[in-house]
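Summary of structural features
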Amino acid sequence: MRALVLGGTAFVGRAIVDALLRDGADVTLFGRGRTGPELFPGVRRLVGDRDTGDYAALTAAARERPFDAVVDVSGYVARQVRGALAALEGHEGRYVFVSTQAVYAGPGSGEDTPRKAPRPDVDDVALLDNSTYGPAKVACEDEVTARFGERATVVRPGQVTGPYDTSDAFLYWLRRAGRGGPVAVPADPAQPVQLLDARDLGRLVAALVRADLGGAFNAVGPAEPLTLAGLLAVCARVAGTRARLVPVRDEPGYFPLVREDWASQRRDAARARAAGLTATPFAETVAAVREWDAARGRPAREAGLGYTARREAELLAEAELLAERGEPPRGA
């Protein structure tokens, strides 16, 4: 199996390439060559740039010998996907596009949930934000399915974590649980959470390529139901601490893993599991991320993500005062 991966050296792409190699695929990478140059020694690398439309190396390689499957990890706007398709003109194998749960427009658990209106007009990655990211990915999906039909495979991951996760969203909870004690959260502790281990995502993509399966697949995890309170409990247990969530009155705009739309955290992964999505126990994922974070020296997280120790102390004191007065912690 000759597999081309567009991207493949950052977090999710790295897990996919690793799974393909373990599956015995002959992998070629296409990217700018700036991330992880030390990774995957012996794997052929084609250097180009999807942002500038530099696909010369890819076009030459595709003409030299066709690929059996293409896995697109780095397509964010329709212009990038169209550029890759043009460079691969004549490719008749499978095209696997890694999309996102952000394409969905509303409630619904399956892959047939209505999607947002596509935004093919968003042609610059720098223009992506919370309002355009999902619609831009819808436009990417449409480009792939229009070109490949039954030979198109769309994988829609939810929030992904695991070793090499530099997004800091899950890391905030992991490190906070490590300190133990009361943990302020501007949300209901019963909120469901879906977190997928990147290694499970990689194995799913490899399985889809191997089986030559088409269609759309929700890639969400873990297999067992999880809430914010449960997530903190597992993180604390792995760290050997005791921690508990305390709902607080606050509206930070964004808070790691907090979602107003609970339906977005209840997607059904049955189709993906039947196709090969594995289920790493959540505690194993937590331990793996904790070990990786320690090995890299626990660098400072992104500024402004979650609460500082001072802000959290203020909110916890306010919550304690409200409890003494018999008032609910979160006003409505």
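See the structure above.
So, on to the side chain of Arg 2. Relative to the elements of secondary structure, Arg 2 occurs in strand S1 (residues 2–6). Exposure remark for Arg 2: the relative accessible area of 8% places this residue in the buried category. Reaching out from Arg 2, the side chain makes a polar contact with the backbone oxygen of Arg 65 at a distance of 2.9 Å. In this structure, Arg 2 is in contact with Asp 26, Thr 28, Arg 44, Arg 65, Pro 66, Phe 67, Asp 68 and Ala 69, ignoring residues within four places of it in sequence.

Moving on to helix H5 (residues 169–179). Buried residues dominate H5, accounting for nine of its eleven residues. Among all positions of H5, only Ala 169, Phe 170, Leu 171, Tyr 172, Trp 173, Leu 174, Arg 175, Arg 176 and Ala 177 are buried. Phi for Gly 180, located one or two positions after H5, is positive at around 70°.

Moving on, we come to the pattern of salt bridges. All chains considered together, the criterion is met by 22 salt bridges. Between Arg 210 and Asp 23 there is a salt bridge; the shortest N-O distance is 2.5 Å. Pair noted here: Arg 210 is in helix H6 (residues 198–211) and Asp 23 is in the loop between helix H1 (11–22) and strand S2 (26–31), with a separation of 187 residues, a long-range link. For Asp 23, a relative accessible area of 37% corresponds to the partly exposed category. One connected set of salt bridges, linked through shared partners, spans Arg 115, Glu 141, Asp 142 and Arg 156.

This part covers the packing of aromatic side chains. Tallied over the entire structure, the rule returns eight aromatic pairs. Aromatic side chains Phe 30 and Tyr 55 sit 5.7 Å apart centroid to centroid with 10° between the ring planes, which places their arrangement in the stacked category. Taken as a pair, Phe 30 in strand S2 and Tyr 55 in the loop between strand S3 (44–47) and helix H2 (56–64) lie far apart in primary sequence, 25 residues in all. Across this residue pair, the class does not change: Phe 30 and Tyr 55 are buried. Residues Tyr 172 and Phe 255 carry aromatic rings whose centres are separated by 5.4 Å and whose planes lie at 80° to one another, so their mutual orientation is edge-to-face. In this pair, Tyr 172 sits in helix H5 while Phe 255 sits in the loop between strand S11 (243–247) and helix H8 (270–275), placing the two residues 83 residues apart along the sequence. For the pair Tyr 172 and Phe 255, a shared accessibility class is recorded, and that class is buried. Joined through ring pairs, the aromatic side chains of Tyr 172, Trp 173, Phe 255 and Tyr 307 make up one cluster. When the ring centre of Tyr 164 is taken as reference, the NZ or CZ atom of Arg 14 above it lies at 3.6 Å. Seen from the ring of Phe 148, Arg 147 lies directly overhead, with NZ or CZ sitting 4.5 Å from the centre.

The next point concerns the nonpolar core. One finds Val 5, Leu 20, Val 27, Val 71 and Leu 204 to be the most contacted residues of the largest nonpolar core, which totals 36 residues. Of all elements in the fold, only S1, H1, S2, strand S4 (69–72), strand S5 (94–98), H6, strand S10 (215–219) and H8 reach the threshold of two or more residues within this core. Of all the elements, H6 adds the most residues to this core, at seven residues. Once residues lying within four places of it in the same chain are set aside, the contact partners of Leu 204 are Val 155, Ala 219, Ala 272, Ala 275, Gly 276 and Leu 277. Core analysis: the second largest hydrophobic core is formed by 34 residues, Phe 170, Trp 173, Leu 245 and Phe 255 among them.

Moving on: the environment of Pro 256. Considering the arrangement of structural elements, one finds Pro 256 in the loop between S11 and H8. Expressed as a C-alpha distance, the spacing of Pro 256 and Tyr 307, which sit 51 residues apart in the sequence, is 9.8 Å. Contact partners of Pro 256, with chain neighbours within four places excluded, come to Ala 169, Tyr 172, Trp 173, Leu 305 and Gly 306.

Within strand S6 (residues 152–157), six of the six residues are buried, which leaves it mostly tucked inside the rest of the structure. By the alternation rule, side chains of S6 split into Ala 152, Val 154 and Arg 156 and Thr 153, Val 155 and Pro 157, which are all buried. The pairing of S5 with S6 spans four bridges and is classified as parallel. Residue pairing for S6: Val 98 is matched across the bridge by Val 155. Taken together, S5, helix H4 (residues 133–148) and S6 constitute a β-α-β crossover, and its handedness is right-handed. As defined by bridge partners, S6 adjoins S10 across five bridges and the pair is classed as parallel. In the strand pairing of S10, Val 154 is matched with Ala 216.

Basis of the calculations
Residues numbered from 1 in each chain as written. Predicted model: local features only at pLDDT ≥ 70, side-chain atom pairs only at ≥ 80, totals over all residues. Heavy atoms only, no water. Helix = DSSP H or I, 4+ residues; strand = E, 2+ residues; numbered from the N terminus. Buried < 20%, exposed > 50% of the residue type's maximum accessible area, 1.4 Å probe, protein only. Polar contact = N/O pair within 3.5 Å; in protein donor to acceptor, adjacent residues only side chain to side chain. Contact = heavy atoms within 4.5 Å. Salt bridge = Lys/Arg side-chain N within 4 Å of Asp/Glu carboxyl O. Phe/Tyr/Trp six-rings, centres within 6.5 Å; stacked < 30°, edge-to-face > 60°. Lys NZ or Arg CZ within 6 Å of the ring centre and 35° of its normal. Core = buried A, V, L, I, M, F, W, Y, C linked by side-chain atoms within 4.5 Å. Pairing = 2+ DSSP bridges. Right-handed = clockwise from strand over helix to strand, strands pointing away.

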